[in-house]
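Residue strings, one per chain:
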Amino acid sequence: MDLSYTPEEEEFRARLREWLAKVLPTLPDKPSPQDWPARRAYDLGWQRMLYDAGYGDVHWGASPTVRLIFLEETEKAGAPYVGANFVGLLHAGPTIAAEGSEEQRARWLPPVLRGEEVWCQGFSEPDAGSDLASLRTRAHRDGDDYVVNGSKIWTSHAEVADWCELLVRTDPRAPKHRGITWLAMPMDAPGITVRPLRTLAGSAEFAEVFLDDVRVPVANRVGEENDGWRVTMVTLSFERGTAFVGEVVACRRVLGELAAEARRNGRWEDPVLRRRLGRLNAEFRALWRLTQWNVSEAEASGGVPGVGGSVFKLRYSHARQALYDVAAEVLGPDCLDLERGWVVDRLSSLSYTIAAGTSQIQRNIVGERVLGLPKGR
């Protein structure tokens, strides 16, 4: 495992830092978190700036190490998060780059990189969340189209998306992992109904999506028919492997801010609180090293993160929740004030042991694929 950086990679870091320092002060104010059309426009505008500066393709056109440096430096500098571009840049785009045909890559990747199109993720269903392979949304072949019927839930950014990475069941008689197909569905197709969902934190970045005889061209299938589960594992390896890199950097920054706040308000005198902050510091330092290890592994295996991403996702989810539990302790009664920093983040942190595969699922993956334990019956 090589955690060092080459001179070329360090030159990329220096150049990126210089560009960020110059451009970030020129950005307009961020729109309201509740105004998703405005947030879409803001996020696409930022992606276009990255593209014009030569940084648009780092999520799949660069090496995993360069991607790591990019995510680390943009988070440290306080650059805009990918936002509405999350699925396109970190999930669907890398999957299409790895598994799509030449024609599919030419059609779908450039608009994402240029900040022209937004993707959403249509994986989970009301009865197929943690057990994703139990999905029941059906698609049958009709000439050059698949006709899709069913529903999805927790569909990220569906109300502002142009495309959806969609999982459908194309062979209901096959074992549940073998009858699934990965489709790219245009969100303006007839028969699609989107109903936004409001989260505990008050935001509405998720939605229910209902599909009634939606026609999706066969040409929009990524991978072979009924091979969608394998393609999905590629998607999830990116989601669990490198998609949270910036958030680890953010958590380390928050940890420092919490320590500073505790010193200001007198809570630093509590030895139990200091011990918890120290343990979290060690935890996030270890998570950063694990991130580097996963990136090194991806570098050696062609760019796709391995099962180490599940180890990372499992530990990171719980560490993030523990971080914001400590934040509530530092804030004291102010932890109920939604206008205070960290309060909304604490509410959103509750979802991390569910999102991108529950902690129970991650433990199964680690047990079976890393430790070699027998599968449950």
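One can find the structure itself at the top, above this paragraph.
In this text, all values refer to a predicted model and were calculated from it rather than measured experimentally. (Residues numbered from 1 in each chain as written. Predicted model: local features only at pLDDT ≥ 70, side-chain atom pairs only at ≥ 80, totals over all residues. Heavy atoms only, no water.)

> Please explain the pairing of strand β2 (residues 138–142) as it appears in this structure.
Two faces belong to every sheet, and in a regular strand the side chains alternate between them. The pairing of β2 with strand β3 (residues 145–152) spans five bridges and is antiparallel. When the bridges of β3 are listed, A139 appears paired with V148. Count of turn residues in the β2/β3 antiparallel hairpin: two residues, of which G143 carries a positive phi of about 65°. (Pairing = 2+ DSSP bridges. Helix = DSSP H or I, 4+ residues; strand = E, 2+ residues; numbered from the N terminus.)

> Hey, could you run me through the packing of aromatic side chains in this one?
Within a pair of aromatic rings, the relevant descriptors are the distance that separates the centres and the angle that separates the planes. Using the criterion set out here, one finds eight aromatic pairs in the structure. Plain terms: the ring middles of F12 and Y55 are 5.8 Å apart, the flat faces sit at 70° to each other, and that makes the pair edge-to-face. Here the residue F12 occupies a position in helix α1 (residues 7–23), and Y55 occupies one in the loop between α2 (36–52) and α3 (64–76), the gap between them amounting to 43 residues. One exposure class covers both F12 and Y55, and it is buried. With centroids separated by 5.9 Å and ring planes inclined at 25°, the aromatic side chains of W119 and W163 adopt a geometry described as stacked. In this pair, W119 sits in strand β1 (residues 119–122) while W163 sits in strand β4 (residues 163–169), placing the two residues 44 residues apart along the sequence. Considered together, W119 and W163 belong to a single accessibility category, that of buried residues. Within the aromatic cluster, the residues linked to one another by ring pairs are F12, W19, W46 and Y55. Lying across the ring of Y5, R13 places its NZ or CZ 4.9 Å from the centre. A cation over a ring is seen here: R141 above Y146, with NZ or CZ 5.9 Å from the ring centre. (Phe/Tyr/Trp six-rings, centres within 6.5 Å; stacked < 30°, edge-to-face > 60°. Buried < 20%, exposed > 50% of the residue type's maximum accessible area, 1.4 Å probe, protein only. Lys NZ or Arg CZ within 6 Å of the ring centre and 35° of its normal.)

> Honestly, the packing of α1 against α3 in this entry has me stumped. Any pointers?
Axis angle and axis distance: for two packed helices, these are the angle between their axes and the distance between the axes, and together they describe the pair. At their nearest, the axes of α1 and α3 sit 10 Å apart, and the two run at 30° to each other. Of the possible angle classes, the one that applies to α1 and α3 is roughly parallel. For the pair α1 and α3, the crossing hand works out as right-handed. Of α3, the residues touching α1 (which contributes E9, F12, R13, L16, R17 and L20) are T65, V66, I69, F70, E72, E73 and T74. Among the residues making up the contact of α1 with α3, the classes are represented as six nonpolar, two polar and five charged. (Axes fitted to C-alpha atoms, helices over the stretch in contact; angles between N-to-C directions. Parallel < 35°, antiparallel > 145°, perpendicular 65-115°, else oblique. Left-handed = near helix turned anticlockwise from the far one by under 90°. Contact = heavy atoms within 4.5 Å. Nonpolar A, V, L, I, M, F, W, Y, C, P; charged D, E, K, R; others polar.)

> It is not clear to me how the packing of α1 against α2 should be interpreted in this structure. Could you clarify?
Two elements in contact, α1 and α2, have axes separated by 12 Å at closest approach and are oriented at 135°. In this view, α1 runs oblique relative to α2, as classed from their interaxial angle. Seen along the crossing, α1 lies across α2 with a hand that is right-handed. Across from W19, L20 and V23 in α1, the residues of α2 making contact are W46, M49 and L50. A breakdown of the residues in the contact of α1 with α2 according to their chemical character gives six nonpolar, no polar and no charged.

> When you look at α1 in this model, what are you seeing that I'm missing?
Every α-helical turn comprises 3.6 residues, leaving residues that sit three or four positions apart pointing alike. For α1, with 17 residues, the first-to-last C-alpha span of 24 Å sits near the 24 Å given by 1.5 Å per residue. Within α1 the residues assigned to the buried category are E9, F12, R13, L16, W19, L20 and V23. Projected down its long axis, α1 carries its buried residues within an arc of 135°, all on one side. Away from its buried face, by an angle of more than 90 degrees, α1 presents the exposed residues P7, E18, A21 and K22. Buried residues along α1 sit against α2 and α3. (Expected span 1.5 Å × (residues − 1). Arc of directions from axis to C-beta.)

> Help me understand the nonpolar core in this model?
F12, W19, W46, F70, L258, F284 and L323 are the most contacted members of the largest nonpolar core, which totals 46 residues. Secondary structure elements with two or more residues in this core: α1, α2, α3, α7 (245–265), α8 (271–300) and α9 (308–331). With 10 residues, α9 is the largest single contributor of residues to this core. Beyond its immediate chain neighbours, meaning those up to four positions away, W46 contacts W19, L20, V23, L24, L27, A79 and P80. If you look at the next biggest cluster of nonpolar residues, it comprises 27 residues, including W108, L109, L135 and L167. (Core = buried A, V, L, I, M, F, W, Y, C linked by side-chain atoms within 4.5 Å.)

> I keep staring at the environment of T65 and nothing clicks. Help me out?
By the element assignment, T65 lies in helix α3. Considered as a pair, T65 and E9 are 56 residues apart in the sequence and their alpha carbons are 7.9 Å apart.

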